[in-house]
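Observations on the three-dimensional arrangement
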Amino acid sequence: MNQTINHLLTEQLASWETARDNYAALSGVKVKELNVNGIPYKVQFNPARIVSSGAKVDSKSIRERKCFLCPANLPPVQKGIPFDGHYNILVNPFPIFPRHLTIPEMEHVDQRIAIRFGDMLDLAQALSDYTIFYNGPKCGASAPDHAHFQAGNKGFMPIEKDWRSQVAGKIADYGKAELWYLNDAPRATLVIESADKNAAKELFDIIYRSMTVKPGEEEPMMNVLAMYETDKWIVFVFPRAQHRPACYTAEGEANLLSSPASVDLGGVFITPVEKDFLKITAEDIQRILGEVCLSETDFHQLRQHIKEQIK
């Protein structure tokens, strides 16, 4: 499957001007590194990502625009690879990664993870050169009305290689799976490590049912990363407290267009506006994460709820 995807990317960059230009522009993307409470983060200035970071995701705006993930609305030049009978693997024309995919459902159905987590594990295994990610409907998804995953080439996000050194403790053993939590505040991170797909699914279901669903919402707020290596899955679950930080709508110098999603929580903050890239500091990232992620108290309570469910 990895070779098929690489062939698709090569073909699309040869035939699709928008994608070709935006992938070429990645070579000029500016990056800086910051240390947030001992955790490494990168900041990327990527102006093409204004499409996602600045997306209007209120109900009225969504109703009034055509869904850009529905097959009928894709650009004629955009080609896809079917997966599992109901997904379409597409080249993302506004990349963060050198190889960046969007994987929408064929049908126009709401963004929800509970019934699709097994699909996410299947994608991670089939696309073993990639990390698969899920953004909740109010956790960075620019199309909360159309279920989809994304994928980016492995090794791009710091958490992929650094997480083991950040382990704070083990929450539980569960068959051929283990559930860890990290010492990476103000981010709150759970890690499922499993050689068994069913055990991973059951652990995720326990996490899901242990989380709070806000009034008016249909699923707990979260971002999820999944990758497959050395015959097992590694899944990062980031429980969320809110959608966007205060700086997103602040006026004047306090404004910073940051709408954190899976990639940001994985350690690469995306800034589509150059002034934000130049001024953002480790303290800014710490404050943003402190607003959108669970507090230490709430994260501790979640871990306790999970333990109670497993006993």
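In short, a report on the structure. Quick caveat, the model's predicted, so the values are computed rather than measured.

Rules used in this analysis
Residues numbered from 1 in each chain as written. Predicted model: local features only at pLDDT ≥ 70, side-chain atom pairs only at ≥ 80, totals over all residues. Heavy atoms only, no water. Helix = DSSP H or I, 4+ residues; strand = E, 2+ residues; numbered from the N terminus. Buried < 20%, exposed > 50% of the residue type's maximum accessible area, 1.4 Å probe, protein only. Contact = heavy atoms within 4.5 Å. Areas by Shrake-Rupley, 256 points an atom, 1.4 Å probe, with all protein chains shown as cover. Lys, Arg positive; Asp, Glu negative; His and termini not counted. Charge placed at Lys NZ, Arg CZ, Asp CG, Glu CD. 1 Å grid on protein atoms, 1.4 Å probe; cavity = no way out; pocket = protein on both sides within 12 Å on 5 of 7 lines; lining within 4 Å. Points joined across faces, edges and corners; volume = space filled by probe spheres on them. Nonpolar A, V, L, I, M, F, W, Y, C, P; charged D, E, K, R; others polar. Pairing = 2+ DSSP bridges. Salt bridge = Lys/Arg side-chain N within 4 Å of Asp/Glu carboxyl O. Polar contact = N/O pair within 3.5 Å; in protein donor to acceptor, adjacent residues only side chain to side chain.

Some words on the overall build of the protein
Looking only at helices and strands, the protein features 11 helices and 13 strands. Overall, the C-alpha framework of the protein stretches about 55 × 50 × 35 Å when taken along its three principal axes. The buried share of the protein, taken over its 311 residues, is 56%. Within the protein, counting contacts between residues at least 6 apart in sequence, those at least 24 apart form 66% of the total. As displayed, the protein has an accessible area near 13400 Å², and 50% of this comes from carbon and sulfur atoms. Once the 34 positive and 39 negative side-chain charges of the protein are each reduced to a mean point, those two points are 1 Å apart.

Focus on empty space enclosed by the protein
Taken as a whole and assessed by the stated rule, the structure comprises 1 cavity of 30 Å³ or more. Around the largest cavity, the lining residues are Pro-137, Lys-138, Cys-139, Glu-217, Glu-219, Pro-220 and Met-221. The residue makeup of the lining of the largest cavity, split by class, is 4 nonpolar, no polar and 3 charged.

Description of the pairing of strand β13 (residues 268–271)
Every second residue of β13 is oriented toward a common face, with Val-268 and Ile-270 on one face and Phe-269 and Thr-271 on the other, all of them buried. One ladder, built from 4 bridges, connects strand β2 (residues 39–45) with β13; its direction is parallel. Bridge pairing links Gln-44 to Ile-270 in β13.

Details of the pattern of salt bridges
When the charged atoms of two side chains with opposite charge come close together, those side chains can pair. Across all of its chains, the model carries 16 salt bridges by this definition. Close ionic contact of Lys-170 with Asp-173 constitutes a salt bridge, the shortest N to O distance being 3.0 Å. Residue Lys-170 is classed as partly exposed on the basis of its relative accessible area of 36%. The salt bridge partner of Glu-178 is Lys-170, with a shortest N-O separation of 2.9 Å. Taken together, the shared-partner salt bridges connect Asp-110, Arg-112 and Glu-218 into one network.

Remarks on the side chain of Gln-111
With respect to the element layout, Gln-111 can be found in the loop between β5 (100–104) and α5 (117–126). Here Gln-111 falls in the buried class, since its relative accessible area comes to 1%. In this structure the side chain of Gln-111 is engaged in a polar contact, spanning 2.7 Å, whose partner is the backbone nitrogen of His-148. Setting aside chain neighbours within four positions, we find Gln-111 in contact with Tyr-134, Asn-135, Gly-136, Pro-137, Ala-141, Ala-143, Pro-144, Asp-145, His-146, Ala-147, His-148 and Glu-219.

Some thoughts on unusual backbone geometry
Going from Ala-185 to Pro-186, the amide bond is cis rather than trans, its omega being 10 degrees. When you line up the elements, Pro-186 lands in the loop between β9 (177–182) and β10 (190–194). With a phi close to 60 degrees, Asp-84 is a non-glycine residue in the positive phi region. Relative to the helices and strands, Asp-84 resides in the loop between β3 (80–83) and β4 (87–91). Phi angles above zero are rare outside glycine, and Asp-231 is one such case at about 65 degrees. Among the structural elements, Asp-231 can be located in the loop between β11 (222–229) and β12 (232–239).

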